[in-house]
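Spelled out, the chains give:
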Amino acid sequence: MEGKGIEEPLLGVHRLSEKKGDNTKRVTLKILPLKSTSSVSSLQSLIGGHRGVETVSTSMVEGKVVIAYRPDLISVKGIREMIEDLDFQVAEIADQEVAVCRIRIKGMACTSCSESVEQALNAVKGVKKAVVGLALEEAKIHYDPNTTDSFQLLQTIEDAGFGTDLISSGDEVNKIQLRIEGIRSSEDAAIVQTAIERLEGVNSVEMDLGRRLMIITYDSELTGPRSLMQCVHEAGRFPNSYDAFLDVPERRETERQREVYLHRNRFLWSFLFSLPVFLFSMVFPMIQPLGKWVGTKIYNNLTFGLLLRWLLCSPVQFFIGGRFYSGSYHALRRGSANMDVLVALGTNAAYFYSLYILLKSSFSSSFEGEDFFETSAMLISFILLGKYLEVMVRGKTSEALSKLADLAPDTAILLTVEGDGRVMSEMEISTQLLQRNDVIKIVPGTKVPVDGVVVQGQSHVNESMITGEAKPISKRPGDKVIGGTVNENGCILVRVTHVGSDTALSRIVQLVEAAQLARAPVQKLADTISKFFVPTIVVVALLTWVGWIVAGEARLYPARWIPKAMDAFELALQFGISVLVVACPCALGLATPTAVMVATGKGASQGVLIKGADALEKAHKVNTIIFDKTGTLTVGKPLVVTSKAFSDVPLHDLCDIVAATEANSEHPLAKALLRHAKNLREQYGTPEPAPSPVEDFQVHEGGGVSGRVAHKLVLVGNRRLMHKFQVATGDDVENYLKESERQAQTAVLVAIDGVLCGAFTVADPPKPEAQLVVSFLQSMNISSIMVTGDNLATATAIAEQIGISTVFAETTPQGKAQKIKQLQEKGMVIAMVGDGVNDSPALVAADVGMAIGAGTDVALEAADVVLMRSNLEDVATAIDLSRKTLARIRLNYVWALGYNVLGVPIAAGALFPFTGIRLPPWLAGACMAASSISVVCSSLLLQSYEKPLQVNHGRVNHVDDV
């Protein structure tokens, strides 16, 4: 390499120092003993004077020390060691940073592989939690970046015997990889480092000098990819110049295709050598004059055919099949056993016994024996064929996820806009180079690349990917657009608001990936069996071999049972090898994760986001669903239909007072009142009043709000709120309330300084599909309950329209959660369906929380299942999909366990004495490969899943109708 010589970093990676100046971090330590002022002073003076320590704050009462430090100069480990050198004990570390690392793992064959990797990762100091997914072939690790890093985690996995690729590390959000051209020395690297670190918004920089790859995490509010690339370019000075290019990680589908090609090539090379071995052993001897040529003796009893079989079989055994040796070595080294151990034992037994036959024939002119070179070669070929087919069909389990990820286009049209809004130029760039506040042009027929807001133009956008609404939605300036949706007709200019992993599409993909990586509780059965599976099979194979040898030597079966050119020992050996290779731990390990992958991907494509395998499994047990009313069972856009004054305060003034009071509320009824006040002003041409500040604003859960407007106490809420503040309600008010409740309308009362001044009646009709969904759930033996903060009469009237018989009204958010717990104590398995902030406690308390997709972010975070399209029929979809998935998993287990229960005895020769049927080792290997493929194909049948209930224009379609 040219230049002054680049320092080769550990593991090929050199971590550049963190951003200086404003990148101070804090750590809280619990120190023992810390009992006197002198000990505090001594600790502060000695630690505070160390290079890299900014400040030291000590609480003698709590026994805690808060240290601000520079991670580029000192680590948490170094701080701990300094404190321990002062004869203090660090009892606890709090407020640790937690970073997330995702790693692709190559070479996992069965559950024992994923378990061993998981155990190895969890044993690394600093790792908080590690989850390894067999079907997804990924690990997600939460770790303390002050104690370990992604490179040590990669090394840990590689030490366990598996290949690795780093998908992401540290902060998964706002990270970019740049390939730097022009760096020839460590001085060049330092120049680029300094330039990037000085850029506002850059958080950290890592660099692989060997590959000239720079990994930068940044704040997307302050900078972006193009700014970083420009910074690298400007860092260059004559004669040195630097250029940065976006290094795009390979997509999952690309990596999958490479894996498919790798397994295909292994099989083809194995087949190329194995086919002649098979022909020389099984076919040519029966064809003359080929049989005579194959049987020609070279030296003593060593024949030409035997020598050729050995020469052709050896590359298959040791080079093409070398992965089985490697896998067995690493498995046994970590104290476990997997499929590789079984294959290695079986093929080695056949190969080395055949080698013994070859050597014996070479030194003896009278010895005759049957070799099994074709068994070894064909066995490896069939297993490699099985792995090739398995990888191909396993790739289809993540097709839905790949389709979601590919919805966003690769390029976008970036505009250069002057301050007055004039477009100066446009150019096509990669979508990954877009930054916040960029202005992009979206022409008709193209996809929206990222999330943004329309700033110019009008169009209709098809958002069925997210909302499920087939009808294109009109978009005007100020409207939001979502990445991955399709612009139908007009040309629009959009200001970018979310990029990269912040977009709605990326968050959906992340949720699905997390669900596919999670391990379902039902997987515990396979995990338990896998611990004993391989050792048990090895014992059974040994017993089979010994049993048949003893039976043969003791003449317990007639000599005619032994095939021609074979003796009792060789027959027993074949039975033992068949037992080793027919058993399949892979099928058992793939039974659950492949079904979960297909189900979560299929659910996402149909608008049902299931956040984890645990939620997917729990949903099939649900027998009771609790619905929130407003925005869930109802349309969620209430309108003021009537208003009435009960005092001398004019309705116009009353509306303005209510609007001022409700301005800080997010409740749907508050928004309805605000819209009503605005419409009244527009209708009568009344100018908008000056904003009145609200003092002492307070939300009364389940009642309403209160606040002081112009020094007057204003109450806006229901009857309960009025009673709480001792506001009298006369007969006319009560009659008004009863009439509105009878019509399934909600009355909002308004009181000023303790006097009830007026009321507004708000109507929020049920969703068109609500009655059909409740009826269908009843046919699924699931009862429905309504829980709402609204009054009992209104809630009951809505419930009667929908068909719900049980109603809990006037319930606070905590009351909803408490009601769920009471029902759970009675043995009910509860699913809660809601959309608002006030539903969050109930969503968490329920066995399965389902959030309507149009709801608040808080509700979406608290839920286990997100119904993206806000369609109530998706409640039935989520539960039905869970039931179908669990049924498929059980079927997979029955097949995988049944295959082994039947296959092992047959391979051991259980049918041979009665029918003469035996399973040759190469055929047993083919059966083993077929078992894994069959389980994956069984899971793939979930791809044909259809919603059990579809509502079209008020008509219900069952799955049988579709």
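Predicted, not measured: the structure shown is a model, and the values here were computed from it.

1. Some remarks on the overall build of the protein chain
When you go through the protein chain residue by residue, the secondary structure sums to 32 helices and 38 strands. Considering the protein chain as a whole, with its 962 residues, one finds that 52% of them fall into the buried category. Residue pairs in contact within the protein chain that sit at least 24 positions apart in sequence constitute 70% of those at least 6 positions apart. If you sum the accessible surface of the protein chain, you get close to 43200 Å²; carbon and sulfur atoms cover 56% of it.

2. What about the environment of glycine 295?
As for its placement among the helices and strands, glycine 295 is situated in the loop between α8 (290-294) and β13 (297-299). For the pair formed by glycine 295 and phenylalanine 284, sequence separation is 11 residues and the distance between their alpha carbons is 9.5 Å.

3. Remarks on the pairing of strand β6 (residues 127-133)
Summarising burial for β6: 5 of the 7 residues are buried, a large majority. Where β6 and strand β7 (residues 138-143) come together, 6 bridges link them in antiparallel fashion. Residue pairing for β7: valine 131 is matched across the bridge by lysine 140. Once β6 ends, the chain turns through 4 residues before running back antiparallel as β7, passing glutamate 137 with a positive phi of about 55 degrees.

4. Topic: the packing of helix α17 (residues 568-582) against helix α30 (residues 873-907)
Between α17 and α30, the least distance of the axes is 8 Å, while the angle of their chain directions is 165 degrees. It follows from the interaxial angle that α17 and α30 lie roughly antiparallel. Both α17 and α30 take part in a crossing whose hand is right-handed. Mapping the contact onto sequence places Phe575, Ser578, Val579 and Val582 in α17 and Tyr899, Asn900, Gly903, Val904 and Ala907 in α30. Along the lines of polarity and charge, the residues of the contact of α17 with α30 split into 6 nonpolar, 3 polar and no charged.

5. A closer look at a nonpolar patch on the surface
The grouping of Met286, Ile287, Leu290 and Trp293 at the surface amounts to a nonpolar patch, some 400 Å² of accessible area in total. On the accessibility criterion, leucine 290 (32% relative accessible area) is partly exposed.

6. Some points on the pairing of β7
As a general feature of sheets, a regular strand has side chains that alternate between the two faces. Note: strand β5 (residues 99-106) against β7, 6 bridges, orientation antiparallel. Of the residues in β7, the one forming a bridge with valine 100 is histidine 142.

7. Quick look at the pattern of salt bridges
Where charged atoms from two side chains of opposite charge come close, those side chains can pair. Throughout the structure, instances matching the rule amount to 11 salt bridges. Glutamate 734 is the salt-bridge partner of arginine 719, the closest N and O atoms lying 3.4 Å from each other. Taken as a pair, arginine 719 in helix α23 (residues 719-724) and glutamate 734 in helix α24 (residues 731-742) lie far apart in primary sequence, 15 residues in all. The closest approach of N and O atoms between lysine 947 and aspartate 874, which form a salt bridge, is 2.9 Å. Taken together, the positions of lysine 947 in the loop between α32 (921-940) and β37 (949-952) and aspartate 874 in helix α30 put the pair 73 residues apart, joining distant regions of the chain.

8. A few points about the confidence of the model for the protein chain
Put simply, the protein chain has an average pLDDT of 79, and 86% of its residues get 70 or more. Looking over the protein chain, one finds the lowest element-wise mean pLDDT in strand β38 (residues 955-958), namely 48, and the highest in strand β25 (residues 624-627), namely 92.

9. Points about the sheet that holds β6
With respect to topology, 4 strands assemble into an open sheet ordered β6-β7-β5-β8, the strand pairing being antiparallel. Looking at the sheet topology across the chains shown, the edges are occupied by β6 and β8 (163-168). Averaged over all adjacent pairs, the angle separating strand axes in this sheet is 25 degrees, with direction ignored. Of the strands in this sheet, β5, β6 and β7 touch helix α3 (residues 111-122), which is tilted by about 165 degrees from β6.

10. Here we look at the packing of aromatic side chains
To describe a pair of aromatic rings, you give the distance between the ring centres and the angle between the ring planes. For the structure shown, the criterion picks out 19 aromatic pairs. Between the aromatic rings of phenylalanine 267 and phenylalanine 271, the centroid separation amounts to 5.9 Å while the plane-to-plane angle is 35 degrees, which identifies the pairing as tilted. Here phenylalanine 267 and its partner phenylalanine 271 are both found in helix α7 (residues 252-283), 4 residues apart, which amounts to about one turn of the helix. Pairing tyrosine 353 with tyrosine 356 gives two aromatic rings, centres 6.2 Å apart and planes at 40 degrees, and the pair type is tilted. On the criterion of helical spacing, the pair formed by tyrosine 353 and tyrosine 356 is a turn pair, its members being 3 residues apart in helix α11 (residues 339-363). With a relative accessible area of 11%, tyrosine 353 lands in the buried category. Judged by relative accessible area, which is 43%, tyrosine 356 ranks as partly exposed. Each residue in the set Phe318, Tyr325, Tyr351, Phe352 and Phe373 is aromatic and connected to the rest through ring pairs, giving one cluster. Here the basic side chain of arginine 323 rests over the ring of phenylalanine 324, its NZ or CZ set 4.8 Å away from the ring centre.

11. Some remarks on the environment of valine 454
Tracing the chain through its elements places valine 454 in strand β18 (residues 451-456). The buried category is assigned to valine 454, whose relative accessible area is 2%. Expressed as a C-alpha distance, the spacing of valine 454 and valine 494, which sit 40 residues apart in the sequence, is 4.4 Å. Ignoring sequence-local partners within four residues, the contact set of valine 454 consists of Lys475, Arg476, Pro477, Gly478, Asp479, Val481, Ile492, Leu493 and Val494.

What counts, and where the lines are drawn
- All residue numbers here refer to positions counted from 1 along the written sequence of the relevant chain.
- Totals for whole chains, interfaces and linings use all residues, but because this is a predicted model, local features are given only for residues with pLDDT of at least 70 and pairs of side-chain atoms are given and counted only at 80 or more.
- Heavy atoms from the whole structure form the basis of all side-chain values; hydrogens and water molecules are not counted.
- A run of H or I in DSSP counts as a helix once it spans at least four residues, and a run of E counts as a strand once it spans at least two, with each numbered from the N terminus.
- Residue exposure (1.4 Å probe, protein chains only): buried if accessible area is under 20% of the type maximum, exposed if over 50%, otherwise partly exposed.
- By definition in these notes, contact holds between two residues if any of their heavy atoms fall within 4.5 Å.
- Per-residue and other accessible areas were derived by the Shrake-Rupley procedure at a 1.4 Å probe size, with only the shown protein chains allowed to occlude residues.
- Any two strands between which DSSP finds at least two bridges are classified as paired.
- Fitted lines through C-alpha atoms give the axes, limited to the stretch in contact for helices. The angle between two N-to-C directions lies from 0 to 180 degrees.
- Roughly parallel refers to an angle under 35 degrees, roughly antiparallel to one over 145, roughly perpendicular to one between 65 and 115, and oblique to any angle outside these ranges.
- Whether a crossing is left-handed or right-handed is set by the direction in which the near helix is turned from the far one by less than a right angle, anticlockwise for left-handed and clockwise for right-handed.
- Side-chain classes follow a simple rule in which Ala, Val, Leu, Ile, Met, Phe, Trp, Tyr, Cys and Pro form the nonpolar group, Asp, Glu, Lys and Arg form the charged group, and the remainder, Gly included, forms the polar group.
- Within this analysis, patches are made of residues with over 30% relative accessible area and no salt bridge. Like charges are joined at 9 Å or less; nonpolar side chains (Val, Leu, Ile, Met, Phe, Trp, Tyr) at 5 Å or less.
- We define a salt bridge as a contact between a side-chain nitrogen of Lys or Arg and a carboxyl oxygen of Asp or Glu at a distance within 4 Å.
- A residue's pLDDT is simply how confident the predictor is in it, with values from 0 to 100.
- Whether two aromatic rings pair depends on their centres lying within 6.5 Å, for rings of Phe, Tyr and Trp, where Trp uses its six-membered ring; planes under 30 degrees apart make the pair stacked, over 60 edge-to-face, and the rest tilted.
- For a ring to carry a charge above it, either NZ of a lysine or CZ of an arginine must fall within 6 Å of the ring centroid while also lying within 35 degrees of the normal to the ring plane.

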